[in-house]
Amino acid sequence: MLALVMLINRAGSMVLPFLGVYMTNHLHFSIENSGIVLSFFGIGSVIGSWLGGMITDKIGEYRVQSLSLLLSVPLFCLIPLFTTEAGLAGIILAQSIVSETFRPANSVAITKYAKPENITRAFSLNRMAVNLGFSIGPALGGILSAISYEFLFFSNALAALLAGLMYIWFFKNRARLAKLKAKKVKKAIIIKKESSPYRDSKFLIYCVFCMLFSICFFQLFSTLTIFYKDTAHLSQQNIGYILGYSGFLIVLLEMGLVQIAEKYFTLAFTMLIGTFLCGISYAMLAFDYRLITLVLSMTLLCVGEIWTLPFMSTITALRSGENNKGAYMGLNGMSFSIAFIVTPYIGTLIAEKLGFNALWIGTGVLAAVIAIGFYFIVPWMLKDKNKVEKEMI
């Protein structure tokens, strides 16, 4: 049901991939100003991830997810009313704060309802729902945006409303039972006070590398669609189809590729090849942007994403304790959110000043460095965690 709620919510994911095109083509913002406005989505994501992680540990993931989904509805509807850079930046900041509190709470819910041995596959199932929704949303968004951009925002609002109502309907009683069970457990045992992730130096280093990876990967949501439009000369419908293809491909491949990685690869090696493939997918765009190359690039990006993102969540869950998972998930979510601030501005600035070729080659080189970093950081961090747990036993 968590995955189904996510599917419905993300089926309305039409705004973010087309926001850059909306600002440059419809509102006639410059590429650089569009990047600045998109950065406010990242600022809101940082605040939302921090806030979501903090309040999830206090009031529970059920309330956080319910409020996030329902409060997103009016904010999506208000976005078309703001047509200046400052106004649009402000409403996107507010919408982002509200919507991004959902992520750490959702991650905690996955760890709560999944069996320990299925944790990576549980995150993968949820990501499959995200990507199936993402394959529907942008493809439909490309068609709707050709008619009216306002349809994008209202469709997102409708999807958030349906997801919120379904979540509340299914999880209301389960959340109440889980709360009663937790109270009984507290009476039976003394809960160990666990340290803050903000004082976990090894995890902080890991989050820095997650942020750097996100800066590379999130070109997908900002500069890549502008590149498709301005350099590759794709129509909005074709941009939507390529983005839809990426979501559909991940739905087809993710569970199988995740099981292969779990069976034959270590976590460190999986992160290495996943990050490296993402870098290759961008670097190749500097040399050719025919349609077949664009599809191949997106295919490699999807495989790299499958072997990176769900395992990031697994590693975070393994590093955290029983009573501070929200804080750990929130801090890791902040690393993605900071990338949302940095990526649009840096990406559009490099594209405008140095050209897209420099952007794609630089992204590929940075991803290769990050891949090597993950290969050494992950076992270093988890080995330390396992040692501490054995000493406690």
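Reading the values: rules and limits
- Residues numbered from 1 in each chain as written.
- Predicted model: local features only at pLDDT ≥ 70, side-chain atom pairs only at ≥ 80, totals over all residues.
- Heavy atoms only, no water.
- Axes fitted to C-alpha atoms, helices over the stretch in contact; angles between N-to-C directions.
- Helix = DSSP H or I, 4+ residues; strand = E, 2+ residues; numbered from the N terminus.
- Left-handed = near helix turned anticlockwise from the far one by under 90°.
- Contact = heavy atoms within 4.5 Å.
- Nonpolar A, V, L, I, M, F, W, Y, C, P; charged D, E, K, R; others polar.
- Patch = residues over 30% accessible without salt bridge, like charges linked within 9 Å, V, L, I, M, F, W, Y side chains within 5 Å.
- Areas by Shrake-Rupley, 256 points an atom, 1.4 Å probe, with all protein chains shown as cover.
- Salt bridge = Lys/Arg side-chain N within 4 Å of Asp/Glu carboxyl O.
- Buried < 20%, exposed > 50% of the residue type's maximum accessible area, 1.4 Å probe, protein only.
- Core = buried A, V, L, I, M, F, W, Y, C linked by side-chain atoms within 4.5 Å.
- Expected span 1.5 Å × (residues − 1).
- Parallel < 35°, antiparallel > 145°, perpendicular 65-115°, else oblique.
- Phe/Tyr/Trp six-rings, centres within 6.5 Å; stacked < 30°, edge-to-face > 60°.

Colleague: Talk me through the packing of helix α9 (residues 201-217) against helix α15 (residues 325-353); I want residue IDs and the actual numbers.
Modeller: Taken N-terminus to C-terminus, the directions of α9 and α15 make an angle of 35°; their axes are 8 Å apart at the nearest point. Regarding α9 and α15, the two cross each other, and that crossing is right-handed. Seen from α9, the contacting residues are Phe203, Leu204, Tyr206, Cys207, Cys210, Met211, Ser214 and Ile215; seen from α15, they are Tyr328, Leu331, Asn332, Ser335, Phe336, Ile338, Ala339, Val342 and Thr343. A per-class count over the contact of α9 with α15 returns 13 nonpolar, four polar and no charged.

Colleague: Residues and numbers for a nonpolar patch on the surface, please.
Modeller: On the surface, Leu70, Leu158, Leu161, Leu162 and Leu165 cluster together to form a nonpolar patch covering roughly 410 Å² of accessible area. Looking at the nonpolar patch element by element, the count peaks at four residues for helix α8 (residues 150-188). With respect to the helices and strands, Leu165 occurs in helix α8. Since its relative accessible area comes to 46%, Leu165 is described here as partly exposed.

Colleague: Describe the nonpolar core, listing the residues and the values that go with them.
Modeller: Of all hydrophobic cores here, the largest spans 87 residues; its most connected members are Leu88, Tyr206 and Phe374. If sequence neighbours within four positions are ignored, Phe374 has contacts with Tyr206, Phe209, Cys210, Phe213, Ala268, Met271, Thr275, Met312 and Pro379. Ranked by size, the runner-up nonpolar core spans 20 residues in total, among them Leu2, Ala109, Tyr167 and Phe171.

Colleague: Now, about the environment of Gly53: what can you tell me, with residues and values included?
Modeller: Tracing the backbone through its elements, the reader meets Gly53 in helix α3 (residues 31-59). Judged by relative accessible area, Gly53 falls into the buried class, the value being 2%. Separated by 277 residues in the primary sequence, Gly53 and Gly330 place their C-alpha atoms 4.1 Å from one another.

Colleague: Tell me about helix α12 (residues 267-283), and name the residues and values.
Modeller: For α12, which comprises 17 residues, the first-to-last C-alpha distance of 25 Å matches the rise-based estimate of 24 Å (1.5 Å per residue) to within 8%. What α12 keeps buried is the set Ala268, Thr270, Met271, Ile273, Gly274, Thr275, Cys278, Gly279, Ser281, Tyr282 and Ala283.

Colleague: Give me the lowdown on the pattern of salt bridges, citing residues and values where you can.
Modeller: Taken as a whole and judged by the stated rule, the model has five salt bridges. Across the pair Arg103 and Glu100 runs a salt bridge, and its minimum N-O distance is 2.8 Å. One salt bridge in this structure joins Arg319 and Asp200, with 2.8 Å as the shortest N-O distance. Here Arg319, found in helix α14 (residues 309-319), pairs with Asp200, found in the loop between α8 and α9; they are 119 residues apart in sequence, far enough to count as distant. Given a relative accessible area of 8%, Asp200 falls into the buried group.

Colleague: A description of the packing of helix α4 (residues 61-78) against helix α5 (residues 85-100) should follow, citing residues and the corresponding values.
Modeller: Where α4 meets α5, the axes come as close as 9 Å, and the angle between the chain directions of the two elements is 165°. Comparing the axis directions of α4 and α5 gives the class roughly antiparallel. As α4 runs across α5, the sense of the crossing is left-handed. On α5, the residues touching Ser68, Leu71, Ser72, Leu75, Phe76 and Leu78 of α4 are Ile91, Ala94, Gln95, Val98 and Ser99. Within the contact of α4 with α5, the residues separate by chemical class into seven nonpolar, four polar and no charged.

Colleague: Describe the packing of aromatic side chains, with residues and values.
Modeller: What the rule picks out here adds up to 21 aromatic pairs. Note on Phe227 and Phe356: the rings are 5.1 Å apart at their centroids and 65° apart in plane angle, and the pair reads as edge-to-face. Pair noted here: Phe227 is in helix α10 (residues 223-230) and Phe356 is in helix α16 (residues 356-392), with a separation of 129 residues, a long-range link. Accessibility assignment for this pair places Phe227 and Phe356 in one class, buried. Between the aromatic rings of Tyr282 and Trp360, the centroid separation amounts to 5.5 Å while the plane-to-plane angle is 15°, which identifies the pairing as stacked. Of this pair, Tyr282 sits in helix α12 while Trp360 sits in helix α16, and the two are 78 residues apart along the sequence. Trp360 matches Tyr282 in its accessibility class, with the two residues each being buried. By way of ring pairs, the aromatic residues Tyr62, Tyr113, Tyr167, Trp169, Phe170 and Phe171 are connected into one cluster.

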